[in-house]
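Topology and contacts: notes
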Amino acid sequence: MKSKAKPSGRGFYRRSRQRERILALLRSTESHPTAAWVYDRLKREFPRLSVGTVYRNVAILVEEGLVNRIDFGSTFDRFDANTAPHYHFICEECARIIDVEVPFDHSITTRVDPTSGLEVHRHEIEFYGLCDACKKER
Ligand SMILES: [Zn+2]
Ligand SMILES: [Zn+2]
C-alpha cells in the first residue's frame, strides 16, 4: 500500500478539477511530455489556463508523489505519471524518452560503499541511442 502524500509546508492541497485533468492526461500517455504539451491539450477546456498554471499544478502532483519530474539536462522538464521504478531510453536524434523493459535493479543502491558516508536514496539509469523512427530515417 502506498503511504499518503507527504504534507508540504503549505499543508495538504485542495483537490482541483484542473489538476485532476492534468493528472489524467499525464497518465494517458507514455511520451513523458512537457508542461507546454499538457497546456496545448487542455487550453480549450480551461480557457484561463496558462503554461505557468500547468507547471505549478504539475509541481504539486510531483510533491504528492503522483508524478515524477524527469531532468536529463534537457531544456524543458518532462513529466512521467508512471511512478513505478523504471529506466528510460533517450533518443539522441529526436529526444524522445521511452520506457525500457529492463528489470529495475534495486540492489544497485546497496552497492555504494557504506564507508563512503553517502546515504543513497535512489538511482537512475538512462540508455541512449536511436529510436525506431529515427533509425528508419537513416
Ligand atoms: Zn528518435
Ligand atoms: Zn517513464
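Everything in this summary refers to the structure shown in the same document. Predicted model, so just to flag it, every value in this text is computed and none were measured. (Residues numbered from 1 in each chain as written. Chains lettered and ligands numbered in written order. Predicted model: local features only at pLDDT ≥ 70, side-chain atom pairs only at ≥ 80, totals over all residues. Heavy atoms only, no water.)

Only His32 (NE2), Asp80 (OD), His86 (NE2), His88 (NE2) and Asp99 (OD) from the protein coordinate the zinc ion (ligand 2), and they sit 2.0 to 2.2 Å from it. Here the donor residues for the zinc ion (ligand 2) map to a single chain with the spacing H-x47-D-x5-H-x1-H-x10-D. Residue Asp80 is located in strand E2 (residues 78-80), and its partner Asp99 is located in strand E4 (residues 97-100); the two are separated by 19 residues in the primary sequence. Using a relative accessible area of 5% as the deciding quantity, one classes Asp80 as buried. (Donors = N, O, S within 2.8 Å, 3.2 Å for Na, K, Ca; no water. Helix = DSSP H or I, 4+ residues; strand = E, 2+ residues; numbered from the N terminus. Buried < 20%, exposed > 50% of the residue type's maximum accessible area, 1.4 Å probe, protein only.)

On to the pattern of salt bridges, then. In the structure shown here, the tally under the stated rule is 9 salt bridges. For Arg17, the salt bridge identified is with Glu45, shortest N-O distance 3.9 Å. Of the two residues, Arg17 is situated in helix H1 (residues 17-27) and Glu45 in the loop between helix H2 (35-42) and helix H3 (51-63); the sequence distance between them amounts to 28 residues. The salt bridge partner of Glu45 is Arg21, with a shortest N-O separation of 2.8 Å. Of this pair, Glu45 sits in the loop between H2 and H3 while Arg21 is found in helix H1, placing the two residues 24 residues apart along the sequence. Given a relative accessible area of 29%, Arg21 falls into the partly exposed group. When salt bridges with common partners are traced through the structure, they connect Arg17, Arg21 and Glu45 into a single cluster. (Salt bridge = Lys/Arg side-chain N within 4 Å of Asp/Glu carboxyl O.)

Ranked by internal contacts, the top residues of the largest apolar core, which has 15 residues, are Ile22, Leu26, Val38, Leu42, Val58 and Val67. Ranked by the residues each element gives to this core, the list is headed by H1, at 4 residues. Excluding anything up to four places from it in sequence, Val58 contacts Ile22, Leu26, Val67 and Phe79. Counting residues in each nonpolar core, the second largest holds 6 residues, with Tyr87, Val100, Cys131 and Cys134 among its members. (Core = buried A, V, L, I, M, F, W, Y, C linked by side-chain atoms within 4.5 Å. Contact = heavy atoms within 4.5 Å.)

Moving on to the packing of H1 against H3. Orientation of H1 relative to H3, taken along the N-to-C sense of each, is 75°, at an axis distance of 10 Å. Regarding the angle of H1 to H3, the classification is roughly perpendicular. Listed contacts from H3 to Gln18, Arg19, Ile22, Leu23 and Leu26 of H1 are Thr53, Val54, Asn57, Val58, Ile60 and Leu61. Its residues assigned to classes, the contact of H1 with H3 comprises 7 nonpolar, 3 polar and 1 charged. (Axes fitted to C-alpha atoms, helices over the stretch in contact; angles between N-to-C directions. Parallel < 35°, antiparallel > 145°, perpendicular 65-115°, else oblique. Nonpolar A, V, L, I, M, F, W, Y, C, P; charged D, E, K, R; others polar.)

Reading across the sheet, the 3 strands line up as E4-E3-E5 and stay open at both edges, with mixed pairing between neighbours. Across the chains shown, the open sheet's two edge strands, defined by having one partner strand only, are E4 and strand E5 (126-129). Across this sheet, the average inter-strand angle for adjacent strands is 30°, counted without regard to direction. (Pairing = 2+ DSSP bridges.)

Here we come to the coordination of the zinc ion (ligand 1). Protein coordination at the zinc ion (ligand 1) comes from Cys91 (SG), Cys94 (SG), Cys131 (SG) and Cys134 (SG), with a distance range of 2.3 Å. One can describe the site at the zinc ion (ligand 1) as tetrahedral: its 4 donor atoms subtend angles covering 105 to 115° at the metal. One chain supplies every donor to the zinc ion (ligand 1), and in sequence these donors are spaced C-x2-C-x36-C-x2-C. Of this pair, Cys91 sits in strand E3 (residues 87-91) while Cys131 sits in the loop between E5 and helix H4 (132-137), and the two are 40 residues apart along the sequence. (Tetrahedral: all angles 85-135°; square planar, octahedral: opposite > 155°, others 65-115°.)

Okay, the side chain of His123 next. Structurally, His123 is set in the loop between E4 and E5. There is a polar contact of 2.7 Å between the side chain of His123 and the side chain of Tyr87. Not counting chain neighbours up to four residues away, the residues in contact with His123 comprise Tyr87, Phe104, Asp105, Ile108 and Thr109. (Polar contact = N/O pair within 3.5 Å; in protein donor to acceptor, adjacent residues only side chain to side chain.)

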